[in-house]
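# Close look at the chain arrangement
Spelled out, the chains give:
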Amino acid sequence: MLTSKISKVGKVVICGAKGVGKTAILEQLIYGNVSIDSELHSTIEDTYVASVDTGKGSRDMLRIYDTAGLQGNVQLPRHYLLYPDAFILVYDPSDPASLDMLAGIKSDIDKYKEKKEMIIVVIANMRSRQIRATGPTPVNASTGGGTIPSSPNGNHYNNGNNQINNNDLIESNLNRANNWCARERIKHYAVNAMERASLYEPFIQLAIRLYPTQTKSTFPQLRQLTQKTSKVDNS
């Protein structure tokens, strides 16, 4: 609603491996201007502002810091670990290495969070740059184990007649991510950067967790007693 009042601003860092679609997700979420033919350049650093309607009668503002994609053993720069209220970790389910990288990022976050509870959300981008040419992929995966297959040349079955194997790889990585997130008590979402509606849920839930609805009193019994006393005094 345009009349909703903006009340708070939360600082969120989005990070992950290079090419997993972090910028595409943000551009689609906020502007809705991304298509399969869009040309997106590698991000060095950028900031987006999203106004999120969580249904509470006010809009919560998220200031989202888009970071450069990580490669190899490169770690998320320390200054990104010190100030955020929440993190969004993005991976490409067709690339096991991009999922493996999230464990290291999570470990660094835990190291610098200084005893405060940090909100972390994991997003599987089902339409990342690497898999645009391979056709549709499944968006649901049941929890469970499984060994992650890989091709001898490291291309993970992207040769023409192996679409089924590529889908098996994606499902296996989603299962592995589900299991890891369950152990770490992290919310895990599968989205499609080409479908704007699929992006709403993780960001709305993130805003709700950042700014839960405040009750009028921490002690409802005391509030009720105060109200009764006031009525007696006025009688």
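For the structure, see preceding data.
This section reports on the structure supplied with the text. Keep in mind that this is a model prediction, so the values were computed, not measured.

## Here we look at the overall build of the protein
A tally of helices and strands in the protein yields six helices and six strands. Listing each helix as α and each strand as β along the protein from the N terminus yields β-α-β-β-α-β-α-β-α-β-α-α. For the protein, buried positions account for 43% of its 235 residues.

## Observations regarding helix α1 (residues 22-31)
Among the ten residues of α1, eight are classified as buried, and the element is accordingly described as predominantly covered. Gly-32 sits one or two residues past α1 and shows a positive phi near 65 degrees.

## Here we look at the environment of Val-52
In this structure, Val-52 sits in strand β2 (residues 45-53). Along the primary structure Val-52 and Leu-206 are separated by 154 residues, whereas in three dimensions their C-alpha atoms are 9.7 Å apart. For Val-52, the contacting residues outside a window of four places in its chain are Ser-58, Arg-59, Asp-60, Leu-62, Phe-203, Ile-204 and Ala-207.

## What about helix α5 (residues 200-210)?
Of all the residues in α5, the buried ones are Pro-202, Phe-203, Leu-206, Ala-207 and Leu-210. Buried residues of α5, viewed axially, fall in a sector of 130 degrees; they line one side.

## Here's the deal with the pattern of salt bridges
Tallying each qualifying case throughout the model produces six salt bridges. A salt bridge links Asp-85 to Lys-11; its shortest N-O distance comes to 3.9 Å. With Asp-85 in the loop between α2 (79-82) and β4 (86-91) and Lys-11 in strand β1 (residues 5-16), the pair connects residues that are 74 residues apart, well separated along the chain. The class of Asp-85 is partly exposed, set by a relative accessible area of 25%.

## Examining the side chain of Glu-27
Tracing the chain through its elements places Glu-27 in helix α1. Comment: no salt bridge for buried Glu-27; closest opposite-charge side chain is Arg-196, at 9.9 Å. The residues touching Glu-27, leaving out its near neighbours within four places in the chain, are Gly-32, Asn-33, Val-34 and Tyr-48.

## Details of the environment of Arg-176
Turning to its location among the elements, Arg-176 is positioned in helix α4 (residues 163-184). Linking Arg-176 and Leu-99, residues 77 residues apart in sequence, is a C-alpha distance of 8.9 Å.

## Regarding the packing of aromatic side chains
According to the stated counting rule, one finds two aromatic pairs in the structure shown. Seen from their ring centres, Tyr-31 and Tyr-48 are 6.5 Å apart, and the 55 degrees between their planes marks the pair as tilted. With a gap of 17 residues between them, Tyr-31 in helix α1 and Tyr-48 in strand β2 connect regions that are remote in the sequence. Tyr-31 sits in the exposed class, given a relative accessible area of 51%. For Tyr-48, a relative accessible area of 4% translates into the label buried. With 5.2 Å between their ring centres and 75 degrees between their planes, Tyr-65 and Tyr-83 make a pair best called edge-to-face.

## Remarks on the nonpolar core
Ranked by internal contacts, the top residues of the largest apolar core, which has 55 residues, are Leu-62, Ile-64, Phe-87, Leu-89, Phe-203 and Leu-206. Excluding anything up to four places from it in sequence, Leu-62 contacts Gly-10, Val-12, Tyr-48, Val-49, Ala-50, Val-52, Phe-203, Leu-206 and Leu-210.

## Let's talk about the pairing of β2
Where β2 lies against strand β3 (residues 58-67), nine bridges are found, and the strand directions are antiparallel. Directly across from Val-52, in β3, lies its bridge partner Asp-60. Two successive antiparallel strands, β2 and β3, enclose a turn made up of four residues, where Gly-55 displays a positive phi of approximately 80 degrees.

Calculation criteria
Residues numbered from 1 in each chain as written. Predicted model: local features only at pLDDT ≥ 70, side-chain atom pairs only at ≥ 80, totals over all residues. Heavy atoms only, no water. Helix = DSSP H or I, 4+ residues; strand = E, 2+ residues; numbered from the N terminus. Buried < 20%, exposed > 50% of the residue type's maximum accessible area, 1.4 Å probe, protein only. Contact = heavy atoms within 4.5 Å. Arc of directions from axis to C-beta. Salt bridge = Lys/Arg side-chain N within 4 Å of Asp/Glu carboxyl O. Lys, Arg positive; Asp, Glu negative; His and termini not counted. Phe/Tyr/Trp six-rings, centres within 6.5 Å; stacked < 30°, edge-to-face > 60°. Core = buried A, V, L, I, M, F, W, Y, C linked by side-chain atoms within 4.5 Å. Pairing = 2+ DSSP bridges.

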